[in-house]
Amino acid sequence: MTTSPRKKAAKEIIIDDQFCKGCNLCVEVCPRRVFSGSSKRSRAGYSMPQATDPGKCSVCFLCEMTCPDLAITVIEESP
Amino acid sequence: MLPLADKYLRKRTLPLIFCPGCGDGTVLNVFLRAVDDLGIFKDLSLVGGIGCSGWLPTYLQSDVLHVLHGRAIPFACGLKLTDPRRKVVVFTGDGDCVGIGGNHFIHAARRNIDLTVIMINNGIYGMTGGQVAPTTPLQGRTQTSPYGNLEPPFDVCELARSAGATYVARWTAAHPVQLLKTIKEGMEHPGFSFIEVMAQCPTQAGRYIEGTSNAAELLNLLKKRSVSLEQAKETPPEEMGGKYVVGKLHHLTGKREFTQAIYDNFPQEKSR
């Protein structure tokens, strides 16, 4: 009997409020629509996006790689 | 903070100086991953010219030269020639590389010296206030071309290939995964590797040339305008206006590398 491969999941998605400049590129690039804009302010006063639906994350790291301010860290759930 | 940033960046310089949504940060992000994957951080020497993209190497905790406008490649050649074990990477912008330093660029490509040149192309002189650059698209409105740019832009990858570079690739800031693979390949290639990264500039190019300063919209524009090598073969040339081919455009192995040639010619220098 074959088992389906384990679905990857994110343990935690951190957006560092010291670095985020609120460009919202993560909202645009995420294929699963995990992020959305919010009114929460970063340290520099920009409105930061939030990972509102981390359960949908497939751990492709596209947001982490695209983030121009190195603010996003995706921690994968260990098997 | 991203663990990689904690490992490799100078913490007192953070956060990055770039405008919100700038493509330069994406290139730094991807470059850190490439360095980490290859494990070559202790051999790394970075050179940056003038311009927004020239700031990129100054954030890394490695050997860094931040030099005159357009003269990043000559300094890098000197670094490479004094110690061939160094992995020299040049970060330069479109104005720095083909505007001010165009002559240095074609001659380094001609010599096939083992450098990795990462040129970030935003199509404008962004840092100085948005003047027309040699890569500004036709009809692009900038501060110094208010009625539209009449000069056709450079195809820098084509220039590098014809000047003699042995590894030429082009990606955009919207393709970070492919860019990571290309940067790794370019750094391992023994010879002149040229990587052009088309990047969004929301503050200058976005606002004046594209008419929007929304970084996400500009990223989508970059994605829409990139044509893969396979698609480019089927696309007639008249439909290619304003678009660019992305991918590994040229890869030649076996051509003699300049540093090797020098040290072979003067064997007594090797023992020093």
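Analysis parameters
- Residues numbered from 1 in each chain as written.
- Chains lettered and ligands numbered in written order.
- Predicted model: local features only at pLDDT ≥ 70, side-chain atom pairs only at ≥ 80, totals over all residues.
- Helix = DSSP H or I, 4+ residues; strand = E, 2+ residues; numbered from the N terminus.
- Buried ≥ 20, exposed ≤ 12 C-beta atoms within 10 Å, placed from the backbone.
- Contact = placed C-beta atoms within 7 Å.
- Rg over C-alpha atoms; globule rule 2.2 N^0.38 Å.
- Axes fitted to C-alpha atoms, helices over the stretch in contact; angles between N-to-C directions.
- Parallel < 35°, antiparallel > 145°, perpendicular 65-115°, else oblique.
- Left-handed = near helix turned anticlockwise from the far one by under 90°.
- Nonpolar A, V, L, I, M, F, W, Y, C, P; charged D, E, K, R; others polar.
- Pairing = 2+ DSSP bridges.
- Arc of directions from axis to C-beta.
- Core = buried A, V, L, I, M, F, W, Y, C linked by C-beta atoms within 7 Å.
- pLDDT = per-residue confidence, 0-100.

Secondary structure summary: chain A contains two helices and four strands in total. On the principal axes, the C-alpha backbone points of chain A span a range of 55 × 20 × 20 Å. Looking at chain A as a whole, 42% of its 79 residues qualify as buried. If you take every contact in chain A between residues at least 6 apart in sequence, the share linking residues at least 24 apart comes to 58%.

It is worth spelling out the overall build of chain B at this point. A tally of helices and strands in chain B yields eleven helices and eight strands. For 272 residues, the compact-globule estimate of 2.2 N^0.38 gives 19 Å, and chain B sits close to it at 18 Å. In chain B, which comprises 272 residues, the share counted as buried stands at 49%. For chain B, contacts bridging at least 24 residues in sequence account for 67% of all contacts bridging at least 6.

Turning our attention to the packing of helix α8 (residues 202-210) of chain B against helix α9 (residues 215-225) of chain B. Residues and elements named next belong to chain B. One can describe the packing of α8 onto α9 by two numbers: an axis separation of 11 Å at closest approach and a directional angle of 70°. Viewed along their axes, α8 and α9 adopt a mutual orientation that is roughly perpendicular. Where α8 crosses over α9, the two elements pack in a sense that is left-handed. Facing α8, whose interface residues are Pro202, Gly206 and Glu210, α9 presents Ala215, Leu218 and Leu221. A class-by-class count of the residues in the contact of α8 with α9 yields four nonpolar, one polar and one charged.

With that settled, the discussion passes to unusual backbone geometry. Following leucine 14 of chain B, the chain continues to proline 15 of chain B via a peptide bond in cis, the omega torsion being 0°. Positionally, proline 15 of chain B belongs in the loop between α1 (3-8) and α2 (23-38). The phi dihedral of arginine 33 of chain A is positive, around 55°, even though this residue is not glycine. Its place among the elements puts arginine 33 of chain A in the loop between α1 (25-29) and β2 (35-41).

Right, let's get into the pairing of strand β5 (residues 167-172) of chain B. All names here are of chain B. When you tally the buried positions in β5, you get six out of six residues, the bulk of the element. Alignment of β5 against strand β6 (residues 193-198), held across six bridges, turns out to be parallel. If you follow alanine 169 over to β6, its bridge partner there is isoleucine 195. Of the pairings in the sheet, the one linking β5 to strand β8 (residues 244-251) comprises four bridges and is antiparallel in character. Bridging across to β8, valine 168 finds its partner in histidine 250.

So, about the interface of chain B and chain A. Contacts between the two partners involve 22 residues from chain B and, on the opposite side, 19 residues from chain A. Of the residues that constitute the side of chain B that touches chain A, the class distribution is 16 nonpolar, five polar and one charged.

This part covers the sheet that holds β6 of chain B. Residues and elements named next belong to chain B. Taken in spatial order, the eight strands of this open sheet run β2-β1-β3-β4-β6-β5-β8-β7, and their pairing is mixed. Each edge of the open sheet carries a strand with a single partner, namely β2 (63-66) and β7 (226-228). Direction aside, the axes of adjacent strands within the sheet are offset by 20° on average. In the packing of α2 onto the sheet, the strands contacted are β1 (44-48), β4 (116-121) and β6, and the crossing angle to β4 comes to about 155°. Running over the sheet, helix α7 (residues 176-188) touches β3 (87-93), β4, β5, β6 and β8 and is turned about 160° from β5.

Residues and elements named next belong to chain B. Structurally, the position occupied by valine 67 is in the loop between β2 and α3 (72-82). Look at valine 67 and you get partly exposed, because 19 C-beta atoms sit within 10 Å. Separated by 19 residues in the primary sequence, valine 67 and glycine 48 have C-alpha atoms spaced 6.4 Å apart.

On to the environment of aspartate 69 of chain A, then. Inspection of the secondary structure puts aspartate 69 of chain A in the loop between α2 (62-66) and β4 (72-76). Placed 56 residues apart in sequence, aspartate 69 of chain A and isoleucine 13 of chain A show a C-alpha to C-alpha distance of 15 Å. When neighbours within four sequence positions are excluded, aspartate 69 of chain A is seen to be in contact with Phe19, Cys20 and Lys21 of chain A together with Pro15, Leu16 and Gly25 of chain B.

On to helix α5 (residues 102-111) of chain B, then. All names here are of chain B. Buried residues of α5: His104, Phe105, Ala108, Ala109 and Arg111, and no others. Each buried residue of α5 lies within a common arc of 165° when the element is viewed along its axis, so the set occupies one face. The elements touched by buried residues of α5 are α3, α4 (94-100), α6 (156-163), β6 and α11 (258-265). In the stretch just after α5, asparagine 112 is the one whose phi turns positive, near 55°.

Here the focus is the nonpolar core. Within the largest apolar cluster, 94 residues are counted, with the highest numbers of intra-cluster contacts made by Val27, Ala76, Val90, Ile118, Phe194 and Val197 of chain B. The contacts of valine 90 of chain B, once residues within four sequence positions are left out, are Val47, Ala72, Ile73, Ala76, Leu115, Val117 and Ile118 of chain B.

This part covers the confidence of the model for chain B. Of all residues in chain B, 99% attain a pLDDT of 70 or more, and the chain-wide mean is 90. In the model output, the complex is listed with pTM 0.92 alongside ipTM 0.89.

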